[in-house]
Amino acid sequence: MREQIKIYIRSEEKIYLFIEEKIYFYENQDLSSVLESLDEYSLSEEVEISLILHFSYFKIEGMETDYEDNNIKNIENFDDEIEENIEENGTQKLEKISFKENFRWEILKEKILWKMKEMKYLKKKFFLNHIEDKYVTFGIEKKKIEEFKNVFKQEKKKLLDIKVDVASIYNYNKNEDIEILTIGERKSLRFEVEDSKISELEEIDLKIDDLENLEEYDFSDMKTVGLSEDNLKEIFLGTELYEEPNFLKKEKFFENKNLKKFEVKDVAVILLIGASYIFLQNLIPLEREKAKNERLKNETKKLEKEYLSKKNEKLPDYSKELSLLEEVDSNITRKEYYSFIKFLIENSRNGVDYTKINYSDNKWIVQGTVNKFENFEKFENNLEGKYSSTELGYLKDNDEEIVFEYTMMDKKNDN
């Protein structure tokens, strides 16, 4: 007979182990510690362990009380909203906000960012009624699944499956008509079973700490599932009564049933998301402006216009710095002037945002911020490569960004 070993993660503070028909409670211990404790048993290396997660680890979509942002939920309908805005605002209003250039792009960008965020989740259907094709979706961040898998790998234990406690409770009780309230650490779920199908499912604003002694409360005919031994056994035994949802099992993307639903527009969306991800990774998208940047050596005024015209594409606003540069000491050659501007632009690609630029006594003084230390190192290396004498005024890290001041003297070259 196959050894039945199951681990139920109720929360970060509460983990339960089911082994040899007994339940053990681990308080304020992590999953790694629980797996280490299994070394006390003479287990075969081939033994596989089931992992059960409390429903609070998941984002549940599709309930009537769905807590998902309705605006994001309806993001697929944004194209219709665009047309409605055209009718409501009129052409004059749309011209003022550069509708085609800005409004549509902002909506598309929100849609792309939302889809990118959703791609971080592994989602599985939990069917309420197979005949009517009614279901809710349980979603968990993929990185969380990877964390669990890595712990098992580090402890040299085999992971059989990853399931959710609500599905186990339902499958254990599905052969009777019953109303069940499963009480969690931060929230609870109520569902009603009729004819082996779930007719109602809703989230309840109730946590187990609100009910110090659960047995003292009268829930009428409603069955409550808390932390009693019988409740925990239901969860452990219920995992053997169903295959899906299993968050360890990967879905075959190119199954026949999926191919029927896979359309050309789906390919287009995937390609758009991929291309947009690469685009949005760049803090300052200057690639498209390379040709124009080459002409900056001869056209200082064009530089100012390029920055101001690209302000809506989230390029930093260097209008103040440019005005300061126009007042720089007249002894600076125009060649050096262009060279310094080019240096600022190239390093802005590394996430450098300039807050002050000054020139006096044959010295450039630059103050700015950068969001990552490795980006500051790139800036520093470029600085030392261009100027023969540099001096760091200060470097401060306030957790959100790095603030610095640098002084540069005597250029090495004008490239």
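Right above here is the structure, for reference.
Values in this document were obtained by computation on a predicted structure and should not be read as measured data.

Trainee: Help me understand the sheet that holds strand β8 (residues 158-164), please; the structure alone is not making it clear to me.
Mentor: With mixed pairing, 5 strands are arranged side by side in an open sheet as β3-β2-β1-β4-β8. Unpaired on one side and paired on the other, β3 (22-27) and β8 mark the two borders of the sheet. Shown here is a sheet whose adjacent strand axes are inclined to one another by a mean of 20°, direction ignored.

Trainee: Can you walk me through a negative patch on the surface in this structure?
Mentor: The grouping of Asp353, Asp397, Asp399, Glu400 and Glu401 at the surface amounts to a negative patch. Residue position: Asp397 is located in strand β15 (residues 387-397). Using a relative accessible area of 58% as the deciding quantity, one classes Asp397 as exposed.

Trainee: What exactly am I supposed to notice about the pairing of strand β6 (residues 121-129) here?
Mentor: Regular strands place their side chains on alternate faces of the sheet. As paired elements, β6 and strand β7 (residues 134-141) share 8 bridges and run antiparallel to each other. Within β7, the residue paired with Lys124 across the bridge is Phe138. In sequence, β6 turns back onto β7 through a hairpin of 4 residues, with Asp133 there showing a positive phi of about 55°.

Trainee: Explain helix α6 (residues 165-173) to me, please; I cannot follow it from the model alone.
Mentor: Because each turn of an α-helix spans 3.6 residues, side chains separated by three or four positions in sequence point in the same direction. Burial within α6 is extensive, with 8 of its 9 residues counted as buried. When we look at burial in α6, the residues that qualify are Asp165, Val166, Ala167, Ser168, Ile169, Tyr170, Asn171 and Asn173.

Trainee: Help me out: how do you make sense of the packing of aromatic side chains in this one?
Mentor: Aromatic rings in a pair are described by how distant their centres are and how their planes are angled relative to each other. The full count for this structure, using the stated rule, is 15 aromatic pairs. Ring geometry for Phe373 versus Phe376: centroids 6.1 Å apart, planes at 35°, classification tilted. Taken together, the positions of Phe373 and Phe376, both in helix α14 (residues 373-386) and 3 residues apart, correspond to about one turn of that helix. Judged by its relative accessible area of 42%, Phe373 falls in the partly exposed class. Taken together, the aromatic side chains of Tyr8, Tyr16, Phe18, Phe25 and Phe236 make up a single cluster linked through ring pairs. Over the ring of Tyr121 we find Lys59; its NZ or CZ atom is 4.1 Å from the centre of that ring. Geometry around Tyr394 places Lys396 over its ring, the cationic atom sitting 5.3 Å from the centre.

Trainee: Please explain the sheet that holds strand β9 (residues 178-183) as it appears in this structure.
Mentor: Think of a sheet as strands paired side by side through backbone hydrogen bonds, with each pair either parallel or antiparallel. Read across the open sheet, the 4 strands follow the order β11-β10-β9-β12; overall the sheet is mixed. A single partner strand is all that each edge strand has here, and the edge strands are β11 (197-204) and β12 (223-225). Between one strand axis and the next, the sheet turns through 20° on average, direction left out of account. The pairing of β9 with strand β10 (residues 188-194) spans 6 bridges and is antiparallel.

Trainee: Just checking my understanding: could you explain a nonpolar patch on the surface for this structure?
Mentor: A contiguous nonpolar patch, built from Tyr172, Leu237 and Leu241 and spanning about 260 Å² of accessible area, is present on the exposed surface. Secondary-structure assignment places Leu237 in helix α7 (residues 229-238).

Trainee: How should I be thinking about the packing of α6 against α7 in this particular structure?
Mentor: To describe two helices that pack against each other, one gives the angle between their axes and the distance between the axes. Packing of α6 against α7 brings their axes to within 8 Å, and their N-to-C directions diverge by 90°. Here α7 runs roughly perpendicular to α6, going by the angle between their axes. Contacts between α6 and α7 involve Asp165, Ser168, Ile169, Asn171, Tyr172 and Asn173 from the former and Glu234, Ile235, Leu237 and Gly238 from the latter.

Trainee: Which parts of the structure should I look at to understand the pairing of β10?
Mentor: Burial analysis of β10 places 6 of its 7 residues in the buried class, which makes it a mostly covered element. The pairing of β10 with β11 spans 7 bridges and is classified as antiparallel. Bridging from a neighbouring strand, Ser188 pairs with Ile204 of β11. Linking β10 back to β11 in an antiparallel pair, the connection comprises 2 residues, with Asp195 at a positive phi of about 55°.

Trainee: What is the right way to look at the nonpolar core in this model?
Mentor: Nonpolar side chains in soluble globular proteins tend to be buried together. Formed by 52 residues in total, the largest nonpolar core has its most connected members in Ile7, Leu31, Leu51, Phe126, Phe138 and Phe191. Ranked by residues supplied to this core, first place goes to strand β2 (residues 14-19) with 5 residues. The contacts of Phe138, once residues within four sequence positions are left out, are Phe55, Phe58, Lys59, Ile60, Leu122, Lys123, Lys124, Phe126, Val164 and Phe247.

Trainee: Could you clarify how one ought to interpret the side chain of Glu61 in this entry?
Mentor: Among the structural elements, Glu61 can be located in strand β5 (residues 59-61). Since its relative accessible area comes to 13%, Glu61 is described here as buried. At a separation of 3.2 Å, a polar atom in the side chain of Glu61 contacts the side chain of Lys123.

Trainee: Hey, could you run me through helix α5 (residues 142-154) in this one?
Mentor: Here α5 spans 18 Å end to end across 13 residues, near enough to the 18 Å set by a 1.5 Å rise per residue. Buried within α5 are the following residues: Ile145, Phe148, Val151 and Phe152. For α5, the arc enclosing every buried residue in end-on projection is 120°, short of the 170-degree limit, so these residues lie on one face. Those residues of α5 that are exposed and angled more than 90 degrees off the buried face are Lys143, Lys153 and Gln154.

Cut-offs used in this document
- Residues numbered from 1 in each chain as written.
- Predicted model: local features only at pLDDT ≥ 70, side-chain atom pairs only at ≥ 80, totals over all residues.
- Heavy atoms only, no water.
- Pairing = 2+ DSSP bridges.
- Helix = DSSP H or I, 4+ residues; strand = E, 2+ residues; numbered from the N terminus.
- Axes fitted to C-alpha atoms, helices over the stretch in contact; angles between N-to-C directions.
- Patch = residues over 30% accessible without salt bridge, like charges linked within 9 Å, V, L, I, M, F, W, Y side chains within 5 Å.
- Areas by Shrake-Rupley, 256 points an atom, 1.4 Å probe, with all protein chains shown as cover.
- Salt bridge = Lys/Arg side-chain N within 4 Å of Asp/Glu carboxyl O.
- Lys, Arg positive; Asp, Glu negative; His and termini not counted.
- Charge placed at Lys NZ, Arg CZ, Asp CG, Glu CD.
- Buried < 20%, exposed > 50% of the residue type's maximum accessible area, 1.4 Å probe, protein only.
- Phe/Tyr/Trp six-rings, centres within 6.5 Å; stacked < 30°, edge-to-face > 60°.
- Lys NZ or Arg CZ within 6 Å of the ring centre and 35° of its normal.
- Parallel < 35°, antiparallel > 145°, perpendicular 65-115°, else oblique.
- Contact = heavy atoms within 4.5 Å.
- Core = buried A, V, L, I, M, F, W, Y, C linked by side-chain atoms within 4.5 Å.
- Polar contact = N/O pair within 3.5 Å; in protein donor to acceptor, adjacent residues only side chain to side chain.
- Expected span 1.5 Å × (residues − 1).
- Arc of directions from axis to C-beta.

All quantities given are derived from atomic positions and should not be read as evidence of function.
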